[in-house]
Amino acid sequence: MKAYDYILVGAGLFSGVFAHEAVKRGKKVLVVEKRAHLGGNVYCEEIEGIHVHKYGAHIFHTSDKEVWQYVNELAEFNRYTNSPMAKYQGQMYNMPFNMNTFSKMWGISTPQEAKAIIDKQRAVILGEPKNLEEQAISLVGTDIYEKLVKGYTEKQWGRDCKDLPSFIIRRLPVRFTYDNNYFNDTYQGIPIGGYNVLIDALFEGCEIRLNTDYLKEKETFDALAETIVYTGTIDAYYGYCFGKLEYRSLRFETETLDTDNYQGVAVVNYTEREVPYTRIIEHKHFEFGTQQKTVITREYPAAWQEGMEPYYPVNDEKNQSLYHKYAKLAEKEQKRVIFGGRLAEYKYYDMDKVIASALQCVKKYLN
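Fair warning: this is a prediction, and the values are worked out from it, not measured in the lab.

## Structural notes on unusual backbone geometry
Moving on, step 1. Of note, the bond from Met95 into Pro96 is cis; its omega dihedral lies within 30 degrees of zero at -10°.
Moving on, step 2. Structurally, Pro96 is set in the loop between strand E7 (91-94) and helix H3 (99-106).
Moving on, step 3. For Gln89, which is not glycine, the phi dihedral falls at a positive 50°.

Structure follows, in structure tokens:
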């Protein structure tokens with residue numbers, strides 16, 4: 001008999017769901033996490049009574065009723081609706097692109113007027129779009145692209161839109177209604193008390209080892225458990241034997257301000273290339289805070305290097321080809337090692353999709 005049924009590497013949402021379900025079934029679970037806290041990127045830090053999203057804004061949204069019910073059994077969610085703003089040369093525009101945006105940009109008031117302008121501008125792209133710039137213009141026209149897409153995207157990816165593949169922007173939400181709700185999903189909200197409430201509920205009953213690097217003691221940990229659930233970077237697991245996968249990273253600057261309301265909304269995107277950060281988050285608005293002070297975070301995109309947090313996989317052909325080599329190795333591990341989550345699957349995951357994926361994994365391996 002091994003000391004544990006499962007060792008979970010990483011303490012994000014995928015691990016949390018698997019841990020919760022394993023403990024419910026009477027399994028003995030050890031969680032090994034490199035960081036000093038549970039929760040992965042949804043971890044919140046309390047400053048001035050405000051739950052600060054330490055690794056960028058996380059707004060839970062889903063149309064999956066099973067997932068929504070699942071998280072609401074563990075934490076109560078508020079009715080927060082994501083309605084970000086975009087700032088360009090001192091002008092404020094509603095996101096996603098909707099009639100409020102078009103009215104501000106062109107001084108028009110009807111969907112017919114907006115459609116006519118966008119259709120005329122889209123027509124400058126002939127044939128199949130060859131890069132991200134052409135793809136974006138073919139979707140939203142030149143004005144919206146130039147003011148609200150181009151600079152933001154170039155900062156995010158660290159290169160010119162003409163040098164980015166078109167598939168990065170498969171669609172851009174365009175609404176011909178006066179609707180500022182960013183997401184189309186049925187359900188949306190933030191856990192009351194912050195995401196740590198949800199995370200603590202998910203990992204209840206597990207043994208936890210923080211500040212611990214599984215890969216540095218891999219053989220020792222592997223000997224302790226029947227099965228490993230690995231949610232770290234898949235290339236690191238295999239010692240980068242085929243080479244390193246690429247990511248984009250982020251850098252955050254957080255400060256406390258002596259005002260009760262800095263920008264009037266949780267998220268403002270800064271869409272000019274010349275402004276070095278992509279957005280400012282004012283955390284208190286996620287939970288309708290009335291504290292006397294406020295906490296803001298400026299978010300700066302960064303080229304990823306080893307040792308930095310990997311946030312966004314660079315899903316171009318070269319990296320996808322490399323990932324598939326690692327995925328073939330992972331398939332051979334069968335039930336001994338389960339790979340799951342954003343980093344192990346080299347995939348950009350919304351939170352609800354991570355939870356749904358973990359629940360599928362539970363059905364496959366735990367029942």
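## A look at the environment of Ala344
Moving on, step 1. Note on placement: Ala344 falls in the loop between strand E16 (337-339) and helix H11 (351-365).
Moving on, step 2. The exposure class of Ala344 is buried, given its relative accessible area of 1%.
Moving on, step 3. Distance from Ala344 to Ile296, taken between C-alpha atoms, is 31 Å for residues 48 residues apart in sequence.
Moving on, step 4. When neighbours within four sequence positions are excluded, Ala344 is seen to be in contact with Tyr230, Thr231, Gly232, Ile234, Tyr323 and Phe339.

## Structural notes on the packing of helix H5 (residues 132-140) against helix H6 (residues 142-157)
Moving on, step 1. Where H5 meets H6, the closest approach of the two axes is 9 Å, and the angle between their N-to-C directions is 140°. Considering the angle they form, H5 stands oblique to H6. Note on packing geometry: the crossing formed by H5 with H6 is right-handed. Where H5 approaches H6, its residues Leu132, Glu133, Ala136, Ile137 and Val140 are matched on the opposing element by Thr142, Ile144, Tyr145, Val149, Lys150 and Thr153.

## Comments concerning the environment of Ile228
Moving on, step 1. Mapped onto the elements of the fold, Ile228 is located in strand E10 (residues 225-230).
Moving on, step 2. Looking at Ile228, the relative accessible area reads 0%, which means it is buried.
Moving on, step 3. Spatially, the C-alpha atom of Ile228 lies 29 Å from that of Glu45, the residues being 183 residues apart in sequence.

The rules behind these values
- Residues numbered from 1 in each chain as written.
- Predicted model: local features only at pLDDT ≥ 70, side-chain atom pairs only at ≥ 80, totals over all residues.
- Heavy atoms only, no water.
- Helix = DSSP H or I, 4+ residues; strand = E, 2+ residues; numbered from the N terminus.
- Buried < 20%, exposed > 50% of the residue type's maximum accessible area, 1.4 Å probe, protein only.
- Contact = heavy atoms within 4.5 Å.
- Axes fitted to C-alpha atoms, helices over the stretch in contact; angles between N-to-C directions.
- Parallel < 35°, antiparallel > 145°, perpendicular 65-115°, else oblique.
- Left-handed = near helix turned anticlockwise from the far one by under 90°.

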